[in-house]
Amino acid sequence: MESFLKRMQHLDIRSLVEPYAQQGLAALQAATPRDSGLTAESWRYEIETTGDHVVIRWLNSNLHDGFPVAVMLQYGYGTGTGGYVQGRDYINPALRPIFDKIADGVWKVVTTS
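The paragraphs below set out a description of the structure included in this document. (Residues numbered from 1 in each chain as written. Predicted model: local features only at pLDDT ≥ 70, side-chain atom pairs only at ≥ 80, totals over all residues. Heavy atoms only, no water.)

### Observations concerning the overall build of the protein chain
Part 1: In terms of regular secondary structure, the protein chain is built from five helices and six strands.
Part 2: Starting at the N terminus and ending at the C terminus, the protein chain contains elements arranged as α-α-α-β-β-β-β-α-β-β-α.
Part 3: Looking at the protein chain as a whole, 28% of its 113 residues qualify as buried.
Part 4: By sequence separation, contacts in the protein chain at least 24 residues apart represent 47% of the contacts at least 6 residues apart.
Part 5: Carbon and sulfur atoms provide 55% of the accessible area of the protein chain, an area that totals close to 7,600 Å². (Helix = DSSP H or I, 4+ residues; strand = E, 2+ residues; numbered from the N terminus. Buried < 20%, exposed > 50% of the residue type's maximum accessible area, 1.4 Å probe, protein only. Contact = heavy atoms within 4.5 Å. Areas by Shrake-Rupley, 256 points an atom, 1.4 Å probe, with all protein chains shown as cover.)

### Re the pattern of salt bridges
Part 1: In total, this model carries two salt bridges according to the counting rule given.
Part 2: Glu46 is the partner of Arg44 in a salt bridge, and the nearest nitrogen-oxygen pair spans 3.6 Å.
Part 3: Residue class for Arg44 comes out partly exposed when judged on its relative accessible area of 40%.
Part 4: Put simply, Glu48 and Arg57 hold a salt bridge, and the shortest N to O gap is 2.7 Å. (Salt bridge = Lys/Arg side-chain N within 4 Å of Asp/Glu carboxyl O.)

### As for the pairing of strand E1 (residues 43-50)
Part 1: Pairing of E1 with strand E2 (residues 53-60), which is carried by eight bridges, proceeds in the antiparallel orientation. Looking at E2, one finds that Thr50 is bridged to His53. (Pairing = 2+ DSSP bridges.)

### Thoughts on the nonpolar core
Part 1: Residues Leu28, Trp43, Ile56, Trp58, Ile91, Leu95 and Ile98 are the most contacted members of the largest nonpolar core, which totals 16 residues.
Part 2: Those elements giving two or more residues to this core turn out to be helix H2 (13-31), E1, E2 and helix H5 (91-112).
Part 3: If we skip the residues at most four places from it in the chain, Trp43 touches Leu25, Leu28, Gln29, Thr32, Trp58, Leu59, Asn60, Ala70, Tyr90 and Ile91. (Core = buried A, V, L, I, M, F, W, Y, C linked by side-chain atoms within 4.5 Å.)

Here it is, written out as structure tokens:
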């Protein structure tokens, strides 16, 4: 048990999750509805490692009147004339396979180390 815990202590988690962050980025870019393509091109990711956990954040910088266009596409939005444009769930289906890969990859590292 001590040997296992020591190996886990020296594991480079960032290098483990980086490929998944890149895959998620590609999945979001491919799944984002396109008009001009600006929203699809505006995705990026950040990996934060603090203490005993790692967080991957996929972010989109395309704003319309200060509001994230990616969120508008996902959840819908009201128009200036009183109408409503229905959102389309494209983020969750794009990232679900990536989450599964992360879980499988981490499990493999833990069980084979």
